[in-house]
Amino acid sequence: QIFRKKAVELGEKLLPAFNTPTGIPWALLNIKSGIGRNWPWASGGSSILAEFGTLHLEFVHLSHLSGNPVFAEKVMNIRKVLSRLDKPEGLYPNYLNPSSGQWGQHHVSIGGLGDSFYEYLLKAWLMSDKTDEEGKKMYYDAVQAIETHLIRKSSGGLTYIAEWKGGLLEHKMGHLTCFAGGMFALGADGAPSDKTGHHIELGAEIARTCHESYDRTNMKLGPEAFRFDGGVEAIATRQNEKYYILRPEVIETYMYMWRLTHDPKYRQWGWEAVEALEKHCRVDGGYSGLRDVYSNHESHDDVQQSFFLSETLKYLYLLFSEDDLLPFEHWVFNTEAHPLPVLHREDGTKEENQK
């Protein structure tokens, strides 16, 4: 009860962020004054797709907890705005101005700044017990555009997801983008029947590419970003992309692929990551990120990120657990791997009857 009350209280404190001409929320909010603003570096005062697009699960859950529809209404309005807008090639740019309702610069990424928006379209449909048809349609339409414009195959046969900058492709894939393998596989079941196998296959291909990004380093842990140009494949070529900060996305994809296919290689790959974490990241006070995964000796960054506990370790635990621990038919993981219950259709009627 105490946490339910706190969750609703916090949700109410966040509502002023939506007081913009479009209802697209500000990135930053002074909770005392209720005044919002955006990051100064974000294209022309824009809000960021992955930020305003990653509220849906929590806010719908808040409406369910509190009985107050306002939270769900706020996130449904974000979706309405996005549906109405013209999308370049069917893609969603990372920046949207909350005052004008216009896109900022046309950068598209399934990694940082974009990633969890796509994840939440699919998961909103799953959390609604597959009744949220709008979320479902937006997700499969987006995947279609991603396949057409961003997914490419390297000369060595590795499938990767490039970034799109005003129509030009940058042949780079971020560690963050590696979550998409699990997303494609999780969404396979709802795809048109002739596409189910294709979505699983796509998930498997992304998992393999991301495993290669780990395997091609000295530490057997993947870099922050890796490239497919100038004769290299799945390797970081820039010093400022060679670090590993205990990120979970690759392991997240292994977990989904294991649950959905039970191919033993995913547990094997997960175990390789466990051994590498123990060998290179374990320090006296916990676990530390690494400055260069291609180096022969560890240079620790002396930071244990919060997502290491909430995601990296949890997804590893689930990878080696039975499927009936947090089963997918009853639970959806938010983007930080916190489980939220699927709102089963009969739950609503049961509650009505109890009232």
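Residues numbered from 1 in each chain as written. Predicted model: local features only at pLDDT ≥ 70, side-chain atom pairs only at ≥ 80, totals over all residues. Heavy atoms only, no water.

## Digging into the side chain of aspartate 132
Move 1: If you trace the backbone, aspartate 132 turns up in the loop between helix 5 (115-127) and helix 6 (133-149).
Move 2: With residues near it in sequence (within four places) discarded, aspartate 132 still touches His56, Arg79, Ala124 and Trp125. (Helix = DSSP H or I, 4+ residues; strand = E, 2+ residues; numbered from the N terminus. Contact = heavy atoms within 4.5 Å.)

## Describing the domain arrangement of the chain
Move 1: Under the domain assignment, the chain is made up of domain 1 (1-108) and domain 2 (148-337).
Move 2: Taking the mean C-alpha position of each, domain 1 and domain 2 sit 27 Å from one another.
Move 3: The interface is formed by nine residues belonging to domain 1 together with ten residues belonging to domain 2.
Move 4: Between domain 1 and domain 2 the total buried area reaches about 780 Å² when both faces are included, carbon and sulfur atoms providing 71% of it.
Move 5: On the domain 1 side of the interface with domain 2, the three residues burying the most area are Glu89, Leu91 and Val108, jointly 47% of the side's total.
Move 6: Where domain 1 touches domain 2, the interface holds zero salt bridges.
Move 7: Linking domain 1 with domain 2 are three residue pairs in polar contact (both at pLDDT 80 or more). (Domains from an automatic or database assignment. Buried area = accessible area lost by both parts, 1.4 Å probe. Salt bridge = Lys/Arg side-chain N within 4 Å of Asp/Glu carboxyl O. Polar contact = N/O pair within 3.5 Å; in protein donor to acceptor, adjacent residues only side chain to side chain.)

## Observations concerning the nonpolar core
Move 1: Grouped together as the largest cluster of nonpolar side chains are 98 residues, with contacts concentrated most on Leu82, Tyr92, Tyr118, Ile161, Met173, Phe184 and Leu221.
Move 2: Ranked by residue count, the leading element in this core is helix 5, at nine residues.
Move 3: Counting the residues that make up this core, at least three belong to each of domain 1 (1-108) and domain 2 (148-337).
Move 4: Aside from chain neighbours lying at most four places away, what touches phenylalanine 184 is Tyr139, Val143, Ile151, Ile161, His199, Leu202, Gly203 and Ile206. (Core = buried A, V, L, I, M, F, W, Y, C linked by side-chain atoms within 4.5 Å. Buried < 20%, exposed > 50% of the residue type's maximum accessible area, 1.4 Å probe, protein only.)

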